[in-house]
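# Understanding the architecture of this molecule
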Amino acid sequence: MSLVKAKKHLGQHFLTDKNIAAKIVNGLVHTDKYKQVLEVGPGMGILSDLLLERTDLETYLIDIDVESYHFLNQKYPQLGNRLINGDFLKLDLSEIFKEKYAIIGNFPYNISSQILFKILENRDSVVEMVGMFQKEVAERCASKSGTKDYGILSVLIQAYYDIEYLFSVKPGTFNPPPKVNSGVIRLSRNNVETLPCDEKLFWRTVKAGFNQRRKTLRNSLSGVIPKDKMDIHPFFDKRAEQLSVADFIELTSHLSELSK
């Protein structure tokens, strides 16, 4: 089997350190809640090797790279239709998984936000995610209110998942090495089935608040609700980064009342 060449346009940086790979795979800790796991962007299979050794998991792989797909097809002939050549972002996950499952991967950094939003869209089925991201993205996801890294992804992820920043990874453990440090995080689905507010309005409010994060919410939310409908609620005089997830839920409920 000829080795797969990393492709810049796909954001591929193949992990070469088996100890790091083991730490990522061992990050899957909630396997009492699922039996299937999907690895996104397996490349040459450094994580896949370890996933396929686990008897408690049924492993699926998806890679958009045709060269990787053919390499993995030769390497793991036992996978059959559990090896998918396709775009994870366009994949209808409900067609493949009928039960709860996990997602794992050394994700391409150029689509990391889209991957996280895809996981959020499938939050009722994705019980756990362990993934490698650009370090600043990983830190942003785990950031708390009142910090400069806290943003849209922080709030939306933390509304539905408990998040842990597991460890950092240096560029030298990849081929080719990226120009940035990396970080591995774990998302564990919390007990919130639905938020106690209008969820569509919650998402809209969070996005609008952070899209103009230097402004107070009275100004940044004027596209969500007209200023003349806003009252003296103290949240309107704060900036988005000052509000916790619970605060955004309270604000969303308040906006619903004001809109009546």
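Here's a quick rundown of the structure. (Residues numbered from 1 in each chain as written. Predicted model: local features only at pLDDT ≥ 70, side-chain atom pairs only at ≥ 80, totals over all residues. Heavy atoms only, no water.)

## Considerations on the overall build of the protein chain
Counted only if it meets this: Secondary structure follows DSSP: runs of H or I at least 4 residues long count as helices, runs of E at least 2 residues long count as strands, and numbering of each begins at the N terminus. In this description the radius of gyration comes from C-alpha coordinates, and the expected globular size is given by 2.2 Å times residues to the power 0.38. Residue contacts are defined here by distance: any two heavy atoms, one from each residue, within 4.5 Å place the two residues in contact. We get accessible surface area from the Shrake-Rupley algorithm with a probe of 1.4 Å; when it comes to residues, only the shown protein chains can shield them. Under the counting rule used here, the positive set is Lys and Arg, the negative set is Asp and Glu, and His together with the chain ends is not counted. Where a charge sits is defined by one atom per residue type, namely NZ (Lys), CZ (Arg), CG (Asp) or CD (Glu).
Secondary structure assignment for the protein chain yields 10 helices and nine strands. Scaling as 2.2 N^0.38, a compact globule of 260 residues should have a C-alpha radius of gyration of about 18 Å, and the protein chain matches this with 20 Å. Taking the principal axes of the C-alpha coordinates as reference, the protein chain spans close to 65 × 40 × 30 Å. By sequence separation, contacts in the protein chain at least 24 residues apart represent 66% of the contacts at least 6 residues apart. With the model as given, the accessible surface of the protein chain reaches about 12600 Å², and the carbon-plus-sulfur share is 49%. Mean positive and mean negative side-chain charge positions of the protein chain (35 and 32 charges, respectively) differ by 6 Å.

## Here's the deal with the pattern of salt bridges
The condition is simple: By salt bridge we mean one thing: a side-chain nitrogen of Lys or Arg within 4 Å of a carboxyl oxygen of Asp or Glu. Each residue gets one of three labels from its accessible area relative to the maximum for its type: buried under 20%, exposed over 50%, partly exposed in between, using a 1.4 Å probe on protein chains only.
Counted according to the given criterion, the structure contains 12 salt bridges. For the salt bridge of arginine 123 with glutamate 199, the shortest nitrogen-to-oxygen distance reads 3.8 Å. One end of the pair, arginine 123, is in the loop between α5 (112-121) and β6 (126-134); the other, glutamate 199, is in helix α8 (residues 199-211), with 76 residues separating them in the sequence. Residue arginine 123 shares its accessibility class with glutamate 199, and that shared class is buried. Among the ionic pairs, arginine 218 bridges to aspartate 237, the shortest N-O distance being 3.3 Å. Here aspartate 237 lies in the loop between α9 (217-220) and α10 (245-258) and arginine 218 lies in helix α9, a separation of 19 residues in the sequence. When salt bridges with common partners are traced through the structure, they connect Arg213, Arg239 and Glu241 into a single cluster.

## What about the nonpolar core?
Quick reminder of the rule: Side-chain atoms within 4.5 Å link the members of a nonpolar core, which is a set of buried Ala, Val, Leu, Ile, Met, Phe, Trp, Tyr and Cys residues.
The biggest cluster of nonpolar side chains holds 56 residues, and the ones touching the most others in it are Leu38, Ile103 and Phe202. Formed by 22 residues, the second largest nonpolar core is a distinct cluster that contains Tyr34, Val37, Leu47 and Leu51.

## What about the side chain of glutamine 36?
This is how it is decided: Polar contact is the term for a pair of N or O atoms within 3.5 Å; when the atoms are in protein, one must be able to donate a hydrogen and the other to accept it, and sequence-neighboring residues count only if both atoms are side-chain atoms.
Turning to its location among the elements, glutamine 36 is positioned in strand β2 (residues 36-40). Only 2.8 Å separates the side chain of glutamine 36 from the side chain of glutamate 58, close enough to count as a polar contact. For glutamine 36, the side chain forms a polar contact with the side chain of tyrosine 60, separated by 3.5 Å. Among residues more than four places away in sequence, those in contact with glutamine 36 are Glu58, Tyr60, Phe97, Tyr101 and Ala102.

## Let's talk about α8
Convention followed: To estimate the expected span of a helix, count its residues, drop one, and scale the result by 1.5 Å.
Compared with an ideal rise of 1.5 Å per residue, which puts 13 residues at 18 Å, α8 spans 18 Å between its outermost C-alpha atoms and is within 8% of the ideal. Every buried residue of α8 is listed here: Glu199, Leu201, Phe202, Trp203, Thr205, Val206, Ala208, Gly209 and Phe210.

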